Amino acid sequence: MMLSKRKLVVAMMVGAFTGLTIMACGGGGNDDYIPPAVQPEKPVNSDTPDAMSEYNSLGDDFKIHQDGEPFDTYMGLVMCGYQGWFGTPGDGSPLTTVAANEGWYHYRESEQFRPGVLRNSIDFWPDMSEYEHKYVVGDGDETGYSSPFILPDGSHATVFSSYDQQTVMTHFKWMKQYNIDGAFMQRFVGEIMDARHKDHFDVVLSHAMTASNEYQRAIAVMYDMSGITTDANMRIMVDDAQKLMNEYSLSDRSKQKYYLYENGKPMLALWGAGFNDNNHPKPSFLRTYVEQLKAQGWSIMLGCPGYWRQGGNDCVSGSEHTELIKLIKECDAFIPWYVGRYGHDNFTNADWQTRIKQDIATAKTYSTASHRVVYAEHIFPGGSDRNMHPNNGKANPDHTNTGFRFGGQFYWNQFYYDIKNGAQAIYVGMFDEMDEGTAIFKQLNVSKVPSNVASQDYYVNYTTGGSYSMSSTQRTGSSIQWSELASSLDIRFQGIDDDKPTDHYLWLTGEGRKMLNGQTKMTKDIPLR
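Computed from a prediction, not measured in an experiment: that's the story for all the values here.

**Comments concerning the side chain of N56**
For step 1, the next point in the chain: The residue N56 is located in the loop between helix 1 (10-14) and strand 1 (78-82) in this model.
For step 2, the next point in the chain: Among the polar contacts listed, one links the side chain of N56 to the backbone oxygen of L516, at a separation of 2.6 Å.
For step 3, the next point in the chain: Apart from residues lying up to four places away in sequence, N56 is in contact with I419, M515, L516, N517, G518 and M522.

**Considerations on the packing of aromatic side chains**
For step 1, the next point in the chain: Counting across every chain of the model gives 47 aromatic pairs.
For step 2, the next point in the chain: Here Y411 and Y505 contribute two aromatic rings whose centre-to-centre distance is 5.9 Å and whose plane-to-plane angle is 55°, an arrangement assigned as tilted. Here the residue Y411 occupies a position in helix 9 (residues 409-420), and Y505 occupies one in helix 11 (residues 504-516), the gap between them amounting to 94 residues. The same class applies to Y411 and to Y505, which are both buried.
For step 3, the next point in the chain: Over the ring of W482 we find K394; its NZ or CZ atom is 4.9 Å from the centre of that ring.
For step 4, the next point in the chain: Positioned above the aromatic ring of F124, the side-chain terminus of R405 is 4.5 Å from the ring centre.

**Digging into the nonpolar core**
For step 1, the next point in the chain: Residues Y74, F172, F184, Y223, L270, L302 and F334 are the most contacted members of the largest nonpolar core, which totals 140 residues.
For step 2, the next point in the chain: Apart from residues lying up to four places away in sequence, Y223 is in contact with R187, V189, I192, M237, D240, A241, L244, L268, A269, L270 and W271.
For step 3, the next point in the chain: Residues V117, Y458, Y462 and A486 belong to the second largest nonpolar core, which totals ten residues.

**Examining unusual backbone geometry**
For step 1, the next point in the chain: Along the chain, G429 connects to M430 via a cis peptide bond; the corresponding omega equals 10°.
For step 2, the next point in the chain: Inspection of the secondary structure assignment puts M430 in the loop between strand 11 (425-428) and strand 12 (459-463).
For step 3, the next point in the chain: The phi dihedral of H106 is positive, around 65°, even though this residue is not glycine.
For step 4, the next point in the chain: Mapped onto the secondary structure, H106 falls in the loop between strand 1 and strand 2 (135-136).
For step 5, the next point in the chain: Positioned with a positive phi, S110 is a non-glycine residue whose angle comes to about 55°.

**Section: the pattern of salt bridges**
For step 1, the next point in the chain: Summed over all chains, the structure comprises 22 salt bridges.
For step 2, the next point in the chain: For the salt bridge of D67 with R217, the shortest nitrogen-to-oxygen distance reads 3.5 Å. Of the two residues, D67 is situated in the loop between helix 1 and strand 1 and R217 in the loop between helix 4 (195-215) and strand 5 (218-224); the sequence distance between them amounts to 150 residues.
For step 3, the next point in the chain: On the accessibility criterion, D67 (52% relative accessible area) is exposed.
For step 4, the next point in the chain: Between E262 and R372 there is a salt bridge; the shortest N-O distance is 3.0 Å. Here E262 is found in strand 6 (residues 261-262), whereas its partner R372 is found in the loop between helix 8 (350-364) and strand 10 (374-379), with 110 residues between them in sequence.
For step 5, the next point in the chain: A single salt-bridge network, built from bridges that share partners, covers R187, K198, D202 and D240.

**Regarding the sheet that holds strand 14 (residues 480-485)**
For step 1, the next point in the chain: Strands sit in the order 13-12-14 across an open sheet of three strands; the sheet is antiparallel. The open sheet terminates on both sides in strands that have one partner only, identified here as strand 13 (468-471) and strand 14. The mean angle between the axes of side-by-side strands here comes to 20°, regardless of whether they run parallel or antiparallel.
For step 2, the next point in the chain: As paired strands, strand 12 and strand 14 are joined by five bridges and run antiparallel to one another. Following the sheet pairing, V460 is matched in strand 14 by E484.

**Regarding the side chain of Q166**
For step 1, the next point in the chain: Along the chain, Q166 turns up in helix 2 (residues 165-177).
For step 2, the next point in the chain: Beyond its immediate sequence surroundings of up to four residues, Q166 is in contact with E130, Y131, E132 and H133.

**Some remarks on the confidence of the model for the protein**
For step 1, the next point in the chain: Per-residue confidence for the protein averages 90 on the pLDDT scale, and 89% of its residues sit at or above 70.
For step 2, the next point in the chain: Low pLDDT, under 50, characterises residues 1-51; the stretch is placed with 153 contacts to residues that sit more than four places away or in other chains.

**With respect to the packing of helix 2 against helix 4**
For step 1, the next point in the chain: It is at 9 Å that the axes of helix 2 and helix 4 come closest, and there the two elements cross at 40°. Crossing handedness for the pair helix 2 and helix 4: right-handed. Here Q165, V168, M169, F172, K173 and K176 of helix 2 come into contact with helix 4, specifically with V204, H207, A208, T210, A211, S212, E214 and Y215.
For step 2, the next point in the chain: Along the lines of polarity and charge, the residues of the contact of helix 2 with helix 4 split into seven nonpolar, four polar and three charged.

**Describing helix 9**
For step 1, the next point in the chain: Over its twelve residues, helix 9 runs 16 Å from end to end, which matches the ideal 16 Å to within 8%, given 1.5 Å per residue.
For step 2, the next point in the chain: In terms of burial, helix 9 is largely enclosed, as eleven of its twelve residues are buried.
For step 3, the next point in the chain: The set of residues buried in helix 9 consists of F410, Y411, W412, N413, Q414, F415, Y416, Y417, D418, I419 and K420.
For step 4, the next point in the chain: Those residues of helix 9 that are buried lie in contact with strand 1, helix 8, strand 10, strand 11 and helix 11.
For step 5, the next point in the chain: Just past helix 9, the residue G422 takes up positive phi, approximately 105°.

Reading guide: rules and limits
Residues numbered from 1 in each chain as written. Predicted model: local features only at pLDDT ≥ 70, side-chain atom pairs only at ≥ 80, totals over all residues. Heavy atoms only, no water. Helix = DSSP H or I, 4+ residues; strand = E, 2+ residues; numbered from the N terminus. Polar contact = N/O pair within 3.5 Å; in protein donor to acceptor, adjacent residues only side chain to side chain. Contact = heavy atoms within 4.5 Å. Phe/Tyr/Trp six-rings, centres within 6.5 Å; stacked < 30°, edge-to-face > 60°. Buried < 20%, exposed > 50% of the residue type's maximum accessible area, 1.4 Å probe, protein only. Lys NZ or Arg CZ within 6 Å of the ring centre and 35° of its normal. Core = buried A, V, L, I, M, F, W, Y, C linked by side-chain atoms within 4.5 Å. Salt bridge = Lys/Arg side-chain N within 4 Å of Asp/Glu carboxyl O. Pairing = 2+ DSSP bridges. Axes fitted to C-alpha atoms, helices over the stretch in contact; angles between N-to-C directions. pLDDT = per-residue confidence, 0-100. Left-handed = near helix turned anticlockwise from the far one by under 90°. Nonpolar A, V, L, I, M, F, W, Y, C, P; charged D, E, K, R; others polar. Expected span 1.5 Å × (residues − 1).

Right, here's the structure in full:
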């Protein structure tokens, strides 16, 4: 889903999120005050028949969405974040400027797209078997910035471009095929300030709007506010939102029947509210712009930190935390962000399960008889992010080269326990995020990925400040944490388990939707296919 928020940390691979320090929680202006949690009604981690029904229920008034009908609420839906940021030479985008090496948009790293860590940015390789348009890497693309990636059978690997309408149509076709409700289209405020980048996201969004109508999938725009902390930047976002509202006639659905609504208005998501850093807008600053967007006719969904309820840790504290909770209650939906916060080994423990259950119970109290606030739990299949950040997982690598996915059990655990704990909706991060290894769409199996070995070895250097570089000789000094040959790091492309089809995570997502909506029995075990 995004720039800063997608940066995985080692903690996700090894367990608890040790990269953050637990801080006092905010309440009013007193940082020592911890607001009481709304206690869950049933004991945590109880799987006895008395703990819940065999089938999940979202309430007596809930109705499962039917194909062909508009999407009037996020309740009961499983939606995916959709990056749509991949570009290739020859795709027609203004970003295919050879001199600036933007032709390999979000495939490149260190100004190139070649085999070798820090020389490309993707961790998984797409299964290209169903794409009509396939873009060859390093074979006559004339950029001078790429080299061929060789598949096990000796052929040269290809990739897709999100700028290509056929790509987006294929992805939305898969959403329909696997019973995934739709997508939140990522729109990076920091990127749409540049005309060429804005053109890319405008075109991809236009393709997605067409695909939404064609395949009857829900669609909504999500702004990533990473780095957006000034009035001038926020004004760009607000003005852009008004243009989208007008261009696609979202207020009456005359053009986009399947645009997602909440509380009778088209939904606009704002990711990056309340994070405890200087790279995202503080809630008190954001409020003015939320009010302006509401005045345009939007319902608002906020993307919040994982510790939104208590404050502290990755979330603002003190008076800003109090303001965040007020803002959440006045909006129409919100999601937490969990990448880097937990992993397969600690997600099911009592600490996380108690936290998540209390989060859900508290969020449900924010809805009133006249105003619904939907809380959608965030889940993700795993993650790696090693080609861009090779220190990730270095101490405890995934020797299966499947991106810490554990055959899908980690993903399914999140579906099961979140639904068991009372989840109303699901936000999957992400549909197509190959850079950090969180994509659920079709990707090659482990034995089918191309080689990631460079034609000539080199040293990869990691500094105490967390930056990376490459060199022909080994680096030393007090600022160097480690300097190792790329070959010794042995960072390979990740893949889907060889005993599973490439659509395994698409299929699991659809099965999770059935469980959320009470169409299949609750089960901790991955369903049989």
